[in-house]
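# Fold and contact review
Residues per chain are reported as follows:
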Amino acid sequence: QSVLTQPPSASGTPGQRVTISCSGSSSNIGSNTVNWYQQLAGTAPKLLFYSVNQRPSGVPDRFSGSKSGTSASLAISGLQSEDEADYYCAAWDDSLNGWVFGGGTKLTVL
Amino acid sequence: QLQLQESGPGLVKPSETLSLTCSVSGGSIRSSGYYWGWIRQPPGKGLEWIGSLYYGGSTYYNPSLKSRVTISVDTSRNQFSLKLSSVTAADTAVYYCARRPSGVGFDYWGQGTLVTVSS
């Protein structure tokens, strides 16, 4: 049981816009920034966003992040086949004094 | 270009201690403003943060693993290490080492190493 809650799966067709949610609490998302990671099959996770909506260099601007209260969202517009991956949200938890991850969302491009 | 590489036994017996090392190249582990951490992923499951250290400063451990985990640094070899004691089959996972700049997420990751706990 993960501290942050994500839907286990999401899907879309090429060109569509897809949103993945991440729900937490006042001790994590509610009071700290959110990071998002993309994990392609068989590879290490890759940092997609930090501080909610800051993209590391090389991450396409088709990806965007947002946060409201104790929830965060990752949006992917203009969906492409190479976006098929697992996506994880993460945040620092003040109560646990550690990093917590969501359970991950498997994105399928139909 | 910073690179991280995990190394260590791929098979550990139950009740023994899992020991892994992360070798850092292309940058110094003593650089200020960076945390160095371990994250694991059981087969087919999600990511779990194990712990992090800041060179010359604090270590932070996942409360659920804290009693069994030690993360340490060897600056002479530009490496940091993970020890997880009293392992069980539930500790079978791919173990990743990673760097996290202060205020940012884990931006550089090793390729990961699978550790299986089995007799």
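An account of the accompanying structure is given in this report.

The rules behind these values
- Here the residue index of a chain counts from 1 through its sequence in written order.
- Chain A is the first chain written and ligand 1 is the first ligand written, with later ones labelled in order.
- At least 70 in pLDDT is required for a residue's local features to be given in this predicted model, at least 80 for side-chain atom pairs to be given and counted, and no such filter applies to totals for whole chains, interfaces and linings, which use all residues.
- Values reported for side chains reflect all heavy atoms of the structure, with hydrogen atoms and water molecules removed beforehand.
- Whenever a carboxyl oxygen of Asp or Glu lies within 4 Å of a side-chain nitrogen of Lys or Arg, that contact is scored as a salt bridge.
- Counting from the N terminus, the helices are DSSP H or I runs at least four residues long and the strands are E runs at least two residues long.
- The buried label goes to any residue with under 20% of its type's maximum accessible area, the exposed label to any with over 50%, and the partly exposed label to all in between, with areas taken from a 1.4 Å probe on protein chains only.
- Paired strands, in this sense, are two strands between which DSSP finds at least two bridges.
- Only the stretch in contact is used when fitting a helix axis, every axis being a line fitted to C-alpha atoms; angles between N-to-C directions are given from 0 to 180 degrees.
- Contacts between residues were defined by any pair of non-hydrogen atoms, one from each residue, lying within 4.5 Å.
- By definition, the buried area sums, over both parts, the 1.4 Å-probe accessible area that each loses when the two are put together.
- By the criterion applied in these results, polar contacts are pairs of N or O atoms within 3.5 Å in which, for protein atoms, one can donate a hydrogen and the other can accept it, and in which residues neighboring in sequence qualify only through two side-chain atoms.

### Concerning the pattern of salt bridges
Residues and elements named next belong to chain B.
- Overall, the coordinates contain six salt bridges over all chains when judged by the stated rule.
- Among the salt bridges present, the one from arginine 40 reaches aspartate 91, with a minimum N-O distance of 2.8 Å. With arginine 40 in strand 4 (residues 34–41) and aspartate 91 in the loop between strand 8 (79–84) and strand 9 (93–101), this pair connects stretches of sequence that are 51 residues apart.
- On the accessibility criterion, arginine 40 (6% relative accessible area) is buried.
- Between aspartate 107 and arginine 99 there is a salt bridge; the shortest N-O distance is 2.7 Å.
- The class of arginine 99 is buried, set by a relative accessible area of 11%.

### Concerning the sheet that holds strand 2 (residues 18–23) of chain A
Residue and element names in this part refer to chain A.
- Here three strands make up an open sheet; going across it, the order is 2-6-5 and the pairing antiparallel. Each having just a single partner strand, strand 2 and strand 5 (63–68) make up the two edges of the open sheet. This sheet shows a mean twist of 20° between the axes of neighbouring strands, independent of strand direction.

### So, the pairing of strand 4 of chain B
Residues and elements named next belong to chain B.
- Of all eight residues in strand 4, seven are buried; the element is thus mostly enclosed.
- Of the pairings in the sheet, the one linking strand 4 to strand 9 comprises eight bridges and is antiparallel in character. Paired with arginine 40 across the two strands is tyrosine 95, which belongs to strand 9.
- In terms of strand pairing, strand 4 meets strand 5 (residues 48–54) through six bridges, oriented antiparallel.

### Digging into the sheet that holds strand 3 (residues 18–25) of chain B
Residues and elements named next belong to chain B.
- Spatially, 1-3-8-7 is the arrangement adopted by the four strands of the open sheet, whose pairing is antiparallel. Each edge of the open sheet is held by one strand with a lone partner, namely strand 1 (3–7) and strand 7 (69–74). When the angles between neighbouring strand axes are averaged without regard to direction, this sheet yields 20°.
- As defined by bridge partners, strand 7 adjoins strand 8 across six bridges and the pair is classed as antiparallel. Considered in strand 8, the bridge of valine 69 is made with leucine 84.

### Description of the interface of chain A and chain B
- With 17 residues of chain A in contact, the opposing surface of chain B contributes 19 residues.
- Of all residues in chain A, Pro45, Trp99 and Phe101 of chain A give up the largest surface area on contact with chain B, accounting jointly for 39% of the area buried on that side.
- Counting across the interface, chain A meets chain B through five residue pairs in polar contact (both at pLDDT 80 or more).
- Contributing elements (two or more residues each) for the side of chain A that touches chain B: strand 3 (34–39), strand 7 (85–93) and strand 8 (98–101) of chain A.

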